[in-house]
Amino acid sequence: MSRLRSAALVGNPNAGKSALFNALTGARQKIANYPGVTVERKAGRVLLPSGEPVELTDLPGSYGLLPNSPDEEVTRKVILGEFPGEAAPQVLVVVLDASNLEQHLVFALELLELGRPTVVALNMVDLAERDGLVIDPLALEQALGVRVVPTVAVRRRGLIDLAEAIACAEDQEPGSRQPHAGMTERRVTARAIAAAAILSESSRHRLHAKLDQILLHPWLGPMILFAALFVVFQAVFAGAAPFAEALQGGVDWLSAWVRAELPPGLPRGLLTDGILAGVGAVVVFLPQIVILFFFILAMEASGYMARAAFLMDRMMARVGLSGRSFIPLLSSFACAVPGIMATRSIADPRDRLTTILISPLMTCSARLPVYAVIIAAFIPDRSLAAGIGLQGLVLFLLYVTGIVGAMVVALVLRRSVTQGAASGFIMELPKYQLPQAKDMAIGLFQRVRIFLRRAGTIILTVTVVLWLLLNVPRAAPGEDQIDASIAGHLANGLAVGLKPIGFNRDIALALIPAMAAREVAVSSLATTYAVANTDEAQQDAALSRALKVHWSLPTALAFLAWFVFAPQCMSTIAVTRRETNGWKWPGFMLLYLFALAYIFAGITYWSAVALGL
């Protein structure tokens, strides 16, 4: 038997390689970087049963020998011996997750095609057995033609057998395999081998497999996904209505109480027309925010969100993006700031830049108060069919418009300023599970706290500043207060450019402070109409009723179209500048998004007027 000098642990991410490496080497390991890259190199010594030492390397997780990231590039070069001054490992120890056997076998088959001495560590067999999955190692060994050793790294089970298999690996010849099979053929073979090696599985495991066949179906899967989203947006309006009305009633009562207790003057005006009218107009939409995030958290916790990413990969590949962009874009539905920061996981710089530039088109939670107040004011609250409300349908279409707009922009960018082919995307699907009530409650509490903190800081500050600008200087007798104010003069200038798309002075006035945060537009409009209304008996009227008086339906629809595209968020611009290391791409983002907002708001307004709406 020839003396072994080196071996390498290789396999998919989350196969338990690091735990197995630590169990085999103990404290006999050293950590450095591979030459020319920042990828960590972990190596240690393993003592064979004969007492001979072997250098064992823990390679970064990979899904194949065609790299899609710097980590996968390192794994490929080490296996093939392409690193200068570093020989290829003499033995490959392929680590498989027993509970996800079919997926992990795909890469194992590709490695076996190299014809190198190989040992398979069937890891985490205890977790597979806990889930009712019993695997026959001998059947797997016969199918692969190499030694298969069941292991449980965290409990140090199977380590002696694995060391013996490594010692004897060079004396074994890999079974005859068809060389250089394609990915599709390897997947078919992996499925057949996994099916033959599984002795028994629980009814729960079979149910999960059946669910995946339905939910990941090329045609049925996307239909189910969009149907689920449609139900979510119906629930946002139908379920939140009584709670929103109760909050609005509380704000109205508090405003009336302040007016009754305080004498007329600037302090009372600041409290009623400024803080309560502005901040209160946003806070009343808290129930919609809670319901939206309840469904998002439930889909994440159940394992369905990862499957949605898999489904969306097909659509994004057609516009030059990979499924790696899905998670950042999904995060942008909550807020574009963490979504843009999440693009750091995208290795391809052109993919990453494209994802950053289209993230603001995802309909973030800050848009929801804007959409909700306009829809409630101008879209009739009537049912189109059983369980299908017109208001929920309009909200769903606004979200879809943002998604479609982002995909079209990505297609244009990938064929122009960020030209390049889409990179590959492989992900492991988590197990289905019921969401835990405690985790859901914590997640909702965090979202509510963030929303209320924004209402108590950014929105409150901007509202107070706007109220001051609306009240300084004071109007002369018979003069309109807004026309006389500083804010009115600024808005009158901007309104000239916005008039062709149906926007009036009040909208222009709302768009300026809304650059701080989109939902500020709601508080700005509420403050503006509260200041403009000199009839105290009507000042407590809901914002939606004031909008019906001052806006036409074409103007309202144009306003919705504007907010689908407009980058009304300085935090998004700031994080884009930080992630792209300059002002070039934030400037480009502002330019193209405001251009799209103006064009589509104009098209919407002109079309609505032409149709006589």
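Residues numbered from 1 in each chain as written. Predicted model: local features only at pLDDT ≥ 70, side-chain atom pairs only at ≥ 80, totals over all residues. Heavy atoms only, no water.

Draft legend 1. Geometry of the overall build of the protein. Check the secondary structure of the protein and you find 27 helices and eleven strands. Counting across all 613 residues of the protein, residues that qualify as buried make up 50%. With an accessible surface of roughly 27400 Å², the protein has 63% of that area assigned to carbon and sulfur atoms. (Helix = DSSP H or I, 4+ residues; strand = E, 2+ residues; numbered from the N terminus. Buried < 20%, exposed > 50% of the residue type's maximum accessible area, 1.4 Å probe, protein only. Areas by Shrake-Rupley, 256 points an atom, 1.4 Å probe, with all protein chains shown as cover.)

Draft legend 2. A look at the nonpolar core. Counting residues in each nonpolar core, the largest one holds 118 residues, and the members touching the most others are Ile358, Phe503, Leu547, Trp551, Phe559 and Trp562. The next biggest cluster of nonpolar side chains, apart from the first, holds 35 residues, and it includes Leu96, Ala128, Val148 and Ala194. (Core = buried A, V, L, I, M, F, W, Y, C linked by side-chain atoms within 4.5 Å.)

Draft legend 3. Summary view of the environment of Phe333. By the secondary structure assignment, Phe333 is in the loop between α14 (326-331) and α15 (336-341). In this structure the C-alpha to C-alpha distance between Phe333 and Pro430, which are 97 residues apart in sequence, comes to 21 Å. Ignoring anything within four residues of it in the chain, the contact list for Phe333 reads Met362, Thr363, Cys364, Ser365, Tyr399 and Ile403. (Contact = heavy atoms within 4.5 Å.)

Draft legend 4. Structural context of the confidence of the model for the protein. Residue-level pLDDT values for the protein average 83, and 91% of them are 70 or greater. pLDDT under 50 marks residues 536-541. Its contacts with residues more than four places away, or in other chains, come to twelve contacts. (pLDDT = per-residue confidence, 0-100.)

Draft legend 5. How the structure looks around the side chain of Asp58. When you line up the elements, Asp58 lands in strand β4 (residues 53-58). Assessed through its relative accessible area of 5%, Asp58 is described here as buried. Within the local environment of Asp58, its side chain forms a polar contact with the side chain of Ser18, the two groups lying 3.2 Å apart. Other than its neighbours up to four places away in sequence, Asp58 contacts Leu9, Lys17, Ser18, Phe21 and Lys42. (Polar contact = N/O pair within 3.5 Å; in protein donor to acceptor, adjacent residues only side chain to side chain.)

Draft legend 6. Local environment of the environment of Trp219. Position of Trp219 relative to the elements: it lies in the loop between α8 (203-215) and α9 (220-238). In sequence terms Trp219 and Leu311 are 92 residues apart; their C-alpha atoms lie 9.6 Å from each other.

Draft legend 7. Quick look at the packing of aromatic side chains. In this structure the tally under the stated criterion is twelve aromatic pairs. Residues Phe333 and Tyr399 carry aromatic rings whose centres are separated by 6.2 Å and whose planes lie at 5 degrees to one another, so their mutual orientation is stacked. Here Tyr399 lies in helix α18 (residues 390-414) and Phe333 lies in the loop between α14 and α15, a separation of 66 residues in the sequence. Judged by relative accessible area, which is 4%, Tyr399 ranks as buried. Taken together, the aromatic side chains of Phe378, Phe503, Trp551, Phe559, Trp562, Phe563 and Phe594 make up a single cluster linked through ring pairs. (Phe/Tyr/Trp six-rings, centres within 6.5 Å; stacked < 30°, edge-to-face > 60°.)

Draft legend 8. How the structure looks around a nonpolar patch on the surface. Together, Val465, Leu469, Val472, Ile486, Leu490, Leu494 and Ile512 give the surface a local cluster of nonpolar side chains, amounting to about 530 Å² of exposed area. Elements represented by at least two residues in the nonpolar patch include exactly α19 (437-471) and α21 (486-498). Broken down by element, the residue count for the nonpolar patch peaks at three residues, all from α21. Here Leu490 is to be found in helix α21. (Patch = residues over 30% accessible without salt bridge, like charges linked within 9 Å, V, L, I, M, F, W, Y side chains within 5 Å. Salt bridge = Lys/Arg side-chain N within 4 Å of Asp/Glu carboxyl O.)

Draft legend 9. Region of interest: α21. In this model α21 runs 19 Å from its N-terminal to its C-terminal C-alpha over 13 residues, within 8% of the 18 Å that 1.5 Å per residue would give. Buried within α21 are the following residues: Ala487, Gly488, Ala491, Ala495 and Leu498. Summarising the contacts, the buried residues of α21 are in contact with α19, α20 (481-484), α22 (505-511), α25 (553-565) and α27 (584-610). (Expected span 1.5 Å × (residues − 1).)

Draft legend 10. Focus on the pairing of strand β6 (residues 118-123). In terms of burial, β6 is a largely internal element, six of the six residues being buried. Residues Thr118, Val120 and Leu122 point to one face of β6 and Val119, Ala121 and Asn123 to the other, with burial holding for every one of them. By the bridge criterion, six bridges tie strand β5 (residues 91-97) to β6 in an arrangement that is parallel. When the sheet's bridge partners are listed, Leu92 is paired in β6 with Thr118. Between the parallel elements β5 and β6, the chain passes through helix α3 (residues 101-112) in a crossover that is right-handed. Direction of pairing for β6 relative to strand β8 (residues 147-150): parallel, over a ladder of four bridges. Following the sheet pairing, Val120 is matched in β8 by Val148. (Pairing = 2+ DSSP bridges. Right-handed = clockwise from strand over helix to strand, strands pointing away.)

Draft legend 11. Inspection of the pairing of strand β1 (residues 6-11) at higher detail. Across the six residues of β1, six count as buried, placing the element largely inside the fold. Across the two faces of β1 the burial is the same, with Ser6, Ala8 and Val10 and Ala7, Leu9 and Gly11 all buried. Across four bridges, the pairing between β1 and β4 is parallel. Paired with Ala7 across the strands is Leu56, a residue of β4. In this structure, β1 lies alongside β5, joined through five bridges in parallel fashion. Within β5, the residue paired with Gly11 across the bridge is Val95.

Draft legend 12. Highlighting the pattern of salt bridges. What the rule picks out here adds up to eleven salt bridges. Note that Glu102 and Arg191 form a salt bridge whose closest N and O atoms lie 3.1 Å from each other. Of this pair, Glu102 sits in helix α3 while Arg191 sits in helix α7 (residues 183-197), placing them 89 residues apart in sequence. Between Arg307 and Asp212 there is a salt bridge, with the nearest N and O atoms lying 2.6 Å from each other. Linking Arg307 in helix α13 (residues 304-317) with Asp212 in helix α8, this pair joins segments that are 95 residues apart in sequence.

Draft legend 13. Highlighting the packing of α9 against α18. α18 packs onto α9 with a crossing angle of 125 degrees between their chain directions and a minimal axis gap of 8 Å. Between α9 and α18, the angle is such that the two are oblique. Seen from above, α9 lies across α18 with right-handed handedness. Side by side, α9 and α18 meet where Phe226, Leu229, Phe230, Phe233, Gln234, Val236 and Phe237 of the first sit next to Gln391, Gly392, Leu393, Leu395, Phe396 and Tyr399 of the second. (Axes fitted to C-alpha atoms, helices over the stretch in contact; angles between N-to-C directions. Parallel < 35°, antiparallel > 145°, perpendicular 65-115°, else oblique. Left-handed = near helix turned anticlockwise from the far one by under 90°.)

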